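Residue-level listing of the chains:
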Amino acid sequence: MSTNYLEHLFGLDGQTAVVIGGAGVLGGALCAGLVEAGAHVVVADVTDDCCKMRVKALEELGGKASFCTVDVTSRKSIENLLSESLKVSGRTEILVNCAGVNAGTSFLDATDADWDRVLTINLRGVFQACQIFARHMVEKGGGAIVNIGSVTSHLPLSRVFAYSASKAGVLNLTRNIAQEFGTQGVRANVICPGFFPAEQNRRLLDQTRIDNIMHGTPMRRFGEAEELVGALLLLVSPRAGSFITGTHINVDGGFTAAWF
Ligand SMILES: NC(=O)c1ccc[n+]([C@@H]2O[C@H](COP(=O)([O-])OP(=O)(O)OC[C@H]3O[C@@H](n4cnc5c(N)ncnc54)[C@H](O)[C@@H]3O)[C@@H](O)[C@H]2O)c1
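Below is a summary of the structure that appears in this document. (Residues numbered from 1 in each chain as written. Predicted model: local features only at pLDDT ≥ 70, side-chain atom pairs only at ≥ 80, totals over all residues. Heavy atoms only, no water.)

## Topic: the site of the ligand
Note the threshold: Nearness of a residue to a molecule or strand requires only that one of the residue's heavy atoms be within 4 Å of it. Definition of a polar contact: a pair of N or O atoms within 3.5 Å, with one able to donate and the other able to accept a hydrogen when the atoms are protein atoms, and with sequence-neighbouring residues admitted only if both atoms are side-chain atoms. Using a 1.4 Å probe, accessible areas were evaluated by the Shrake-Rupley method; residue-level cover was limited to the displayed protein chains. Cavities and pockets are found on a 1 Å grid laid over the protein atoms alone: a cavity is a set of points where a 1.4 Å probe fits but cannot escape, a pocket is an open set with protein on both sides within 12 Å along at least five of seven lines, and a lining residue has an atom within 4 Å of such a point. Throughout, a molecule is located in a cavity or pocket provided that more than half of its atoms lie within 2 Å of its grid points. Think of it this way: any DSSP run of H or I at least four residues long counts as a helix, any run of E at least two long counts as a strand, and we number them from the N terminus. Only Asp, Glu, Lys and Arg are considered charged, only Ala, Val, Leu, Ile, Met, Phe, Trp, Tyr, Cys and Pro nonpolar, and every remaining residue, Gly among them, polar.
Around the ligand sit 28 residues, and of these Leu26, Asp45, Tyr163, Lys167 and Phe196 come closest. Here Val25 contributes a backbone N or O atom positioned 2.9 Å from an oxygen atom of the ligand. Within the side chain of Tyr163, a nitrogen or oxygen atom sits 2.6 Å from an oxygen atom of the ligand. If the ligand stood free it would expose 820 Å²; the protein chains cover 91% of that surface. The site holding the ligand turns out to be the largest pocket. Put simply, the parts of the chain that give the shell around the ligand at least two residues each are helix H2 (25-36), helix H6 (161-180) and helix H7 (199-202). With 3 residues, H7 is the single largest residue contributor to the shell around the ligand. For the shell around the ligand, the residue count by class is 16 nonpolar, 8 polar and 4 charged.

Structural data, given as structure tokens:
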């Protein structure tokens with residue numbers, strides 16, 4: 001197969017991509033995939049330090065990257081992120097919403113504060129970022145949004161009630177956004193990762209939970225963050241993904257297909 005053909009299908013030269021949560025474990029792999037495909041990536045995360053480390057890693061790959069701190073609990077902060085991203089080329093074609101937090105307790109121990117924190121970051125943050133960037137994308141004639149869901153977008157998972165509700169909301173919201181902008185060139189899709197050891201879930205992964213996850217995952221292993229990149233490049237590509245909107249790709253080793 002010719003490299004030119006693959007570049008034509010999946011190449012992102014000249015495009016600007018904002019990755020919110022780009023300093024995290026999964027966000028970092030997604031940023032790397034986007035710069036390898038030729039996009040300029042704006043890493044967006046909560047602190048200067050974590051963003052700078054990610055930009056340095058992307059530049060070491062030979063990629064084009066910059067950063068802007070953001071707190072998705074603040075609409076103003078997301079508006080500032082859009083403005084900063086426009087300094088790259090005047091247009092932002094790709095938005096990836098990959099910020100997320102978790103809180104693991106039994107149902108009766110879950111607090112209102114946990115519920116509010118998880119729903120505010122994981123769902124309201126995605127709503128606000130999609131709204132702010134979609135308005136810009138419509139003005140510029142199109143763009144691609146990829147929101148990071150979870151297997152909990154489909155299945156409730158014990159001990160993560162607020163998280164499961166937030167990720168079910170992300171999938172539903174994304175379908176609605178796809179419907180809203182179907183004729184305006186803005187596509188919106190979800191990637192639903194299975195289990196990937198990372199910062200936000202490390203505390204939750206005790207041996208019993210690991211055993212349960214392995215039992216429920218036909219491939220009997222955790223995912224590697226890089227294994228999300230293929231799905232991302234398909235969904236953001238204006239050529240390979242041109243007729244794909246309002247759907248999701250599970251990257252979960254078969255977890256959502258299995259019924260034991
Ligand atoms: N790791 C997994 O197994 C897994 C599975 C399914 C879905 N996910 C989702 O993937 C995404 C990335 O998670 P991860 O596992 O890489 O965890 P992570 O903790 O490494 O990354 C999450 C990132 O979100 C950022 N963030 C948190 N609050 C923020 C805020 N208010 N504003 C902006 N950024 C904020 C954090 O600083 C961090 O860099 C999350 O949405 C998570 O729910 C992860």
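So, next bit.
## What to know about the environment of Gly24
To be explicit about the condition: Here's how the labels work: a residue is buried when its accessible area is under 20% of the maximum for its type, exposed when over 50%, partly exposed in between, all with a 1.4 Å probe on protein chains only. What makes two residues a contact is simply this: any of their non-hydrogen atoms within 4.5 Å.
Topologically, Gly24 is positioned in the loop between strand S1 (16-20) and H2. Judged by relative accessible area, Gly24 falls into the partly exposed class, the value being 27%. In this structure the C-alpha to C-alpha distance between Gly24 and Ala257, which are 233 residues apart in sequence, comes to 27 Å. Each residue touching Gly24, except ones within four places of it in the same chain, is listed here: Asp45 and Arg54.

## Here we look at unusual backbone geometry
Phi angles above zero are rare outside glycine, and Arg159 is one such case at about 70°. Secondary-structure assignment places Arg159 in the loop between strand S5 (143-148) and H6. Taking the relative accessible area as the measure of exposure, Arg159 reaches 40% and is therefore partly exposed. For Arg220, which is not glycine, the phi dihedral falls at a positive 55°.

## Structural notes on empty space enclosed by the protein
Spelled out, the test is: Grid points are joined across faces, edges and corners, and a volume is the space filled by probe spheres set on the points.
If you walk through the whole model with that rule in mind, you get 2 cavities of 30 Å³ or more. Roughly 60 Å³ of internal volume is contained in the largest cavity. Looking at the largest cavity, the residues that line it are Ala103, Thr105, Ala110, Asp114, Trp115, Phe161 and Ala162. Mapped onto the lining of the largest cavity, the elements with two or more residues apiece are helix H5 (112-140) and H6. When grouped by side-chain class, the residues that make up the lining of the largest cavity number 5 nonpolar, 1 polar and 1 charged. Here the second largest cavity defines a volume of roughly 30 Å³. What lines the second largest cavity is Ile20, Val72, Asn97, Cys98, Ala99, Ile121, Gly125 and Val126.

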